[in-house]
Amino acid sequence: GENLPYTIFSNSTNVEGEKGGVILLLHKKYQHRMVGKPTYDKQGRWISVDIRTPRGRTTLIAAYLPPSPQDSPTARTAWAELQEYIITRHNKKNRLVILAGDLNASLCEPLQRKNTDKSTHTAQGRLLSTLMENAGLTDAFPHCHPYKQYRTWSNHNTWSSPDHILVSAHSRQH
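The rules we used
- Residue positions are counted from 1 within each chain, in the order its sequence is given.
- Reporting in this predicted model follows two pLDDT cut-offs: at least 70 for local features of residues, and 80 or more for side-chain atom pairs to be given and counted; totals over whole chains, interfaces and linings ignore these cut-offs and use all residues.
- Remark: hydrogens and water are excluded; side-chain values derive from all non-hydrogen atoms of the structure.
- The pairing criterion for strands is at least two bridges between them, as found by DSSP.
- Only DSSP runs of H or I covering at least 4 residues are called helices, and only runs of E covering at least 2 are called strands; the numbering of each starts at the N terminus.
- To get an axis, a line is fitted to the C-alpha atoms, and for a helix only the part in contact is used. The angle between two axes follows their N-to-C directions and goes from 0 to 180 degrees.
- Patch definition: residues with relative accessible area over 30% and no salt bridge; like charges joined within 9 Å; nonpolar side chains (Val, Leu, Ile, Met, Phe, Trp, Tyr) joined within 5 Å.
- The Shrake-Rupley method, run with a 1.4 Å probe, gives the accessible areas here. Residue values count only the displayed protein chains as cover.
- Within this document, salt bridges are pairs made up of a side-chain nitrogen of Lys or Arg and a carboxyl oxygen of Asp or Glu, the two lying within 4 Å of each other.
- Here's how the labels work: a residue is buried when its accessible area is under 20% of the maximum for its type, exposed when over 50%, partly exposed in between, all with a 1.4 Å probe on protein chains only.
- Joining through side-chain atoms within 4.5 Å is the link that ties buried Ala, Val, Leu, Ile, Met, Phe, Trp, Tyr and Cys residues into a set, and such a set is a nonpolar core.
- Here a residue-residue contact requires only that any non-hydrogen atoms of the pair lie within 4.5 Å.
- Paired rings are identified among Phe, Tyr and Trp, the last through its six-membered ring, by centres lying within 6.5 Å, and are further divided according to the angle between planes into stacked (under 30 degrees), edge-to-face (over 60) and tilted (the rest).
- The predictor rates its confidence in each residue with pLDDT, a number between 0 and 100.
- Every helix has an expected span of 1.5 Å times one less than the residues it contains.

Caption draft 1: Here's a closer look at the sheet that holds strand β6 (residues 96–102). Read across the sheet, six strands follow the order β3-β4-β5-β6-β10-β7 without closing on themselves; strand pairing throughout is mixed. Among the strands making up the open sheet, the edge pair consists of β3 (34–40) and β7 (137–139). The average undirected angle you get between the axes of adjacent strands in this sheet is 20°. Pairing between β6 and strand β10 (residues 163–168): five bridges, direction antiparallel. Following the sheet pairing, I98 is matched in β10 by V167.

Structure follows, in structure tokens:
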């Protein structure tokens with residue numbers, strides 16, 4: 001294979017009966033900006049790397065959260081742990097945070113989901129909006145394109161936006 005110019009960090013879930021993994025690619029030209037070692041979620045759901053940027057220390061997080069958080073205690077725990085981690089980085093240490101990945105949840109709004117009337121979708125939307133509100137994050141695509149449909153997944157019946165790039169809302173002030 002080719003020699004890619006990236007340092008690759010990976011993590012995978014060890015929860016019985018579940019599957020999933022996540023990788024974070026850091027271009028080698030930014031490797032010298034890395035601070036400390038990566039943080040790996042003990043459930044294998046996310047990876048975090050701190051880097052120095054002109055705007056200050058920034059925490060990059062790649063995540064894959066389990067599907068159907070409204071029905072799964074494991075998924076709700078994963079959401080809660082990720083939210084707590086982000087709050088410690090963002091709110092308590094005043095760092096910029098960029099969270100990117102498949103969160104398996106979308107807001108229950110017409111531009112982000114075809115079916116907005118089901119209670120399961122409302123529960124997912126609440127998890128995502130609570131994370132964004134409590135951790136001080138903004139969803140990049142709807143923020144930059146407020147009138148465009150945001151669709152990252154579909155099948156023959158429906159569509160939604162479970163994939164996100166969430167950025168510290170205070171990043172515009174840095």
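Let's pick the thread back up.
Caption draft 2: Up close: a nonpolar patch on the surface. Residues L4, Y6, I8, I23 and L25 make up a contiguous nonpolar surface patch of roughly 480 Å² in combined accessible area. When residues of the nonpolar patch are traced back to their parent elements, those giving at least two are β1 (6–12) and β2 (21–27). Within the secondary structure layout, Y6 lies in strand β1. The exposure class assigned to Y6 is partly exposed, which follows from its relative accessible area of 33%.

Caption draft 3: Spotlight on the nonpolar core. Core analysis: the largest hydrophobic core is formed by 21 residues, its most contacted members being I61, L82, I86, L99, L103 and L166. Contributing elements (two or more residues each) for this core: β5 (56–64), α1 (73–90), β6 and α2 (119–135). Among the elements that line this core, the one with the most residues is α1, at six residues. Excluding residues that lie within four positions of it along the chain, L99 makes contacts with I61, A63, L82, I86, L131, L137, H164, I165 and L166. Listed in part, the eleven residues of the second largest apolar core include I47, V49, A62 and Y64.

Caption draft 4: Quick peek at the pattern of salt bridges. Taken as a whole and judged by the stated rule, the model has three salt bridges. The partner of K42 in a salt bridge is E81, with the nearest N and O atoms 3.6 Å apart. Of this pair, K42 sits in the loop between β3 and β4 (46–53) while E81 is found in helix α1, placing the two residues 39 residues apart along the sequence. Of the residues examined, E81 reaches a relative accessible area of 27% and is grouped as partly exposed. With a closest N to O distance of 3.2 Å, R57 and D50 form a salt bridge. Residue classification places R57 among the partly exposed positions, given a relative accessible area of 33%. Take D50: its relative accessible area is 5%, and that puts it in the buried class.

Caption draft 5: Seen up close, the packing of aromatic side chains. Counting across every chain of the model gives one aromatic pair. Judged by centre distance (4.4 Å) and plane angle (35°), the rings of W46 and Y85 are tilted. Of the two residues, W46 is situated in strand β4 and Y85 in helix α1; the sequence distance between them amounts to 39 residues. Pair check on accessibility: W46 and Y85 agree, each one buried.

Caption draft 6: Representation of the confidence of the model for the chain in the model. Of all residues in the chain, 82% attain a pLDDT of 70 or more, and the chain-wide mean is 81. Mean pLDDT values over the elements of the chain span from 56, in strand β9 (residues 159–160), up to 95, in β3.

Caption draft 7: Structural context of the pairing of β3. Alignment of β3 against β4, held across four bridges, turns out to be antiparallel. The residue of β4 that forms the bridge with T39 is S48.

Caption draft 8: Focus on α1. Taking 1.5 Å of rise per residue, 18 residues should cover 26 Å, and α1 covers 25 Å from first to last C-alpha, within 8% of that figure. All buried positions along α1 are accounted for by A75, A78, W79, L82, Q83, Y85, I86, I87, R89 and H90.

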